[in-house]
Amino acid sequence: MEVYLDNSATTKCFDDVAAFMTQLMCRDYGNPSSLHMKGVQAENYLRYAKETIAKILKVSEKEILFTSGGTEADNIALTGTAMANHRAGKHLITTRIEHPAVLQTMQHLEEQGFKVTYLPVDGNGRIRLEDLQKAMTKDTILVSVMHTNNEIGSLQPIAEAGALIKKMNPHTLFHVDAVQGFGKFRIYPKKMNIDLLSASSHKIHGPKGVGFLYAGEKVKIKPIIYGGGQQNNLRSGTENVPGIAGMAKAAEMLYADLERDVERLYYLKQKFIEGVGRMEYVKINGLTGRESAPHVVSVSVRGIRSEVLLHALEDKNIYVSAGSACAARKPQPSATLKAIGVEKDLLESTIRFSFSVFTTEEEIDYTLQALYDIVPMLRKYTRH
Amino acid sequence: MFTAFLIKYAEIGVKGKNRYLFEEALVQQIKYAVRRCEGEFKVTRTQGRIYVDALSAFDFDEVVDNLKTVFGISGICPVVYVEDEGFEKLGEEIIRYIGKVYPGTDKSFKVNARRARKNYSLTSMEINSEIGSVLLDAYPAMKVDVHRPDILLNIEIREKIYIYSETIAGPGGMPVGTGGKAMLLLSGGIDSPVAGYMIAKRGVKIDAVYFHAPPYTSERAKQKVVDLARLVSRYTGPIYLHVINFTDIQLYIYEKCPHEELTIIMRRYMMRIAERIAEETECLGLITGESIGQVASQTMHSLAATNEVCTMPVYRPLIGFDKMEIIGISEKINTYETSILPYEDCCTIFVAKHPVTKPNLNIIRRHEQNLQEQIDGLVQKALDTKELVVVR
């Protein structure tokens, strides 16, 4: 049995999406900017994609910008708005547990003369609204808070934060990195006071290399990529039509039965957590119930380095992440785990399991059994 | 403009009656190197010289880069061939050559003519002086210096006339394959690829052994070693990389022996296994990247302890090198960037906080007795399940 439990790193593409994309690459391959029929046809696919995603978010299709992925969407959301609004102020707010796509962009903006406040989180990986309130100044032009954390699955109080920000300063923009949340939750930017929202296709069973940014109509953005003026001059470059349409199709499929699927994910997660809880020397990081994401479980196993457990599971065809895939190839311990106060000994002994609609109960049982076999064996050889 | 390369070789010139063996090996290695380049080439050995002729269009820099990886080459001279169409025409060609290779030059020069074809109308001395004056007329800023010229312009009268003046330094050493074969203990670190390179430079063909320890070391760590072997194989020719699964042996030692001695005992078993494979593959020695005092397992005491277990000579070309010197070579041979990728290798996973630095042989031997029950079987199993990766 092959068990893929690294769905926060990337997901298997839906077969229907892949087939649809093949058609768009091999038959309907036009450039949407071309004046002829082929171009019009391609443009129609873009329109379909915009309408589909706009409908899911309950926003206008004019407010959807296609990008090369979550990272680019975050970059445009932060750098693009900071550069367009710097006269209004030079202060930005984010959290300590953001994805590197946000944290590194913030660092870049600090080098450009912006001041950034990094909000701490509690032991469950959630920001406190009081901290946000205290951090806001009249110079604050943007607040960026992730919807779902990629390493521990914690959820942020997005609607409450949105309301608070707008109450304190209606001009302050609110960006939400929803790369892990889109496809798991119904997120309505207009109701939550979200001005900018990033998402990625390959986390929702779509292709890699594509994502989108929702940007409210009134948000001023300076492009970060220049060229032929596609997408209203905001993001030049020929649109990745097969990728964009594939992403929309994947989103359409996921949102068709979202509640049922998410319910099932919570059931699997609960079962997995109970199973893991039966072992010694094991600790689950962050919240476990409905206050957390349905698809992420972060587990620390005292005395076993995460990479070793990862490869031992791999040997049984179970694929997981050490910390998070984005940071796993860097030697330094995870900032998120540090921020929620995971003790030093466990920082490098943490594994992330992440599920998807393809995950079955049988796979959960198989994985638990594998852990029961492997963990005591590996613990015997704990490094002194 | 260049159509050929004259290959100079220093050391193999003095090998007496074996000389043809060395030259043939060199020709083989050159052929192997130019096979990687775009274009078609002919490698020939005539009258104590090796020429690489381009038979098609080629990328000059690419060919030079690849020739620079062939041990035994001391110098690479790019050559221009001209047809023999009379002496006057030769003068014009040489003026053109100098103008192209040394634009706007005011350097000193010396002409060095050689007649391989003795029926040429002028003698070597005459060619030297005639071409000298032709050049002085054409380039008044140049001057003749017969003792220490900036440019030594060689003119060889053969079927065609060969002109060359530049020598690009080669790597030196001796052609791989002339010195037998040795087994390199290749880890993912900085030192072992350099050690393999240095021994190969003395004409030795290289096989390699890598110890991996899944799940403690990853597939990427193994891939890194394959990548390193590939980089080294540019110099050594194809490498047979033997991959040994070392996990069970390592865990068994961990269970049965004192933790501070783990690394030493582990290395003793690595040497034993490497020697076994070396014997099977007709290697004449082992190669390691050890350097005295670099880490606990490389003190004189530790080296003595690991050395004791094998009878085959162990070549340690880096033994007196500082880390920075080793890094310098690894940068030169392009292995450094790969070596520093942060994947754990099997030497570091169970390392004790305070490993012994002065192991006592008697104690080590006594502790190895603890392994008696199973170790032979585990070693045999590791040898039986070894995986061979041919790297080229």
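The rules behind each value
Residues numbered from 1 in each chain as written. Chains lettered and ligands numbered in written order. Predicted model: local features only at pLDDT ≥ 70, side-chain atom pairs only at ≥ 80, totals over all residues. Helix = DSSP H or I, 4+ residues; strand = E, 2+ residues; numbered from the N terminus. Core = buried A, V, L, I, M, F, W, Y, C linked by C-beta atoms within 7 Å. Buried ≥ 20, exposed ≤ 12 C-beta atoms within 10 Å, placed from the backbone. Contact = placed C-beta atoms within 7 Å. Nonpolar A, V, L, I, M, F, W, Y, C, P; charged D, E, K, R; others polar. Domains from an automatic or database assignment. pLDDT = per-residue confidence, 0-100. Pairing = 2+ DSSP bridges. Axes fitted to C-alpha atoms, helices over the stretch in contact; angles between N-to-C directions.

### Quick look at the overall build of chain A
Then, in step 1: A count of helical and extended segments in chain A gives 14 helices and 13 strands.
Then, in step 2: Taking the principal axes of its C-alpha atoms as reference, chain A extends roughly 65 × 55 × 35 Å.

### Focus: the nonpolar core
Residues and elements named next belong to chain B.
Then, in step 1: Core analysis: the largest hydrophobic core is formed by 197 residues, its most contacted members being Ala182, Met183, Ala208, Ala274 and Leu286.
Then, in step 2: The biggest single contributor to this core is helix H8 (residues 262–280), with 10 residues.
Then, in step 3: Ignoring any residue separated from it by four or fewer positions in sequence, one finds Ala274 in contact with Met183, Leu185, Val209 and Leu286.

### Let's talk about the interface of chain B and chain A
Then, in step 1: Listed as interface residues are 11 residues of chain B and, on the opposing side, 10 residues of chain A.
Then, in step 2: Grouping the constituent residues of the side of chain B that touches chain A by class yields eight nonpolar, two polar and one charged.

### What to know about the domain arrangement of chain A
All names here are of chain A.
Then, in step 1: Entries for chain A in the domain assignment read domain 1 (3–11 + 258–379) and domain 2 (15–256).
Then, in step 2: Centre-to-centre separation of domain 1 and domain 2, based on C-alpha positions: 27 Å.
Then, in step 3: Between domain 1 and domain 2, the contact holds 26 residues from the first and 27 residues from the second.
Then, in step 4: Those elements giving two or more residues to the side of domain 1 that touches domain 2 turn out to be helix H9 (258–277), strand S10 (296–301) and helix H12 (335–339).
Then, in step 5: If one sorts the elements of the side of domain 1 that touches domain 2 by residue count, H12 sits on top with four residues.
Then, in step 6: In terms of residue class, the side of domain 1 that touches domain 2 is made up of 11 nonpolar, 13 polar and two charged.

### Here's the deal with the confidence of the model for chain B
Residue and element names in this part refer to chain B.
Then, in step 1: On average, chain B scores 91 in pLDDT, and the residues at 70 or more come to 97%.
Then, in step 2: Averaged over each element, pLDDT in chain B is lowest for helix H1 (residues 19–34) (90) and highest for strand S13 (residues 286–287) (98).
Then, in step 3: Here the predicted complex carries an ipTM of 0.75, next to a pTM of 0.84.

### Brief notes about the sheet that holds strand S6 (residues 173–177) of chain A
Residue and element names in this part refer to chain A.
Then, in step 1: In spatial order, the strands read S2-S8-S7-S6-S5-S3-S4; together these seven strands make up an open sheet with mixed pairing. If you trace the sheet from one side to the other, it starts and ends with strand S2 (64–67) and strand S4 (115–119), each paired once. Neighbour to neighbour, the strand axes of the sheet diverge by 20 degrees on average, direction disregarded.
Then, in step 2: Two elements, S6 and strand S7 (residues 196–200), share three bridges in a ladder whose sense is parallel. From the neighbouring strand, Asp177 faces S7, where its bridge partner is Ser198.
Then, in step 3: Strand contacts of helix H3 (residues 70–85): S2, strand S3 (91–95), strand S5 (140–146), S6, S7 and strand S8 (211–215), with the helix running at about 160 degrees to S7, the strand carrying the most contacts.

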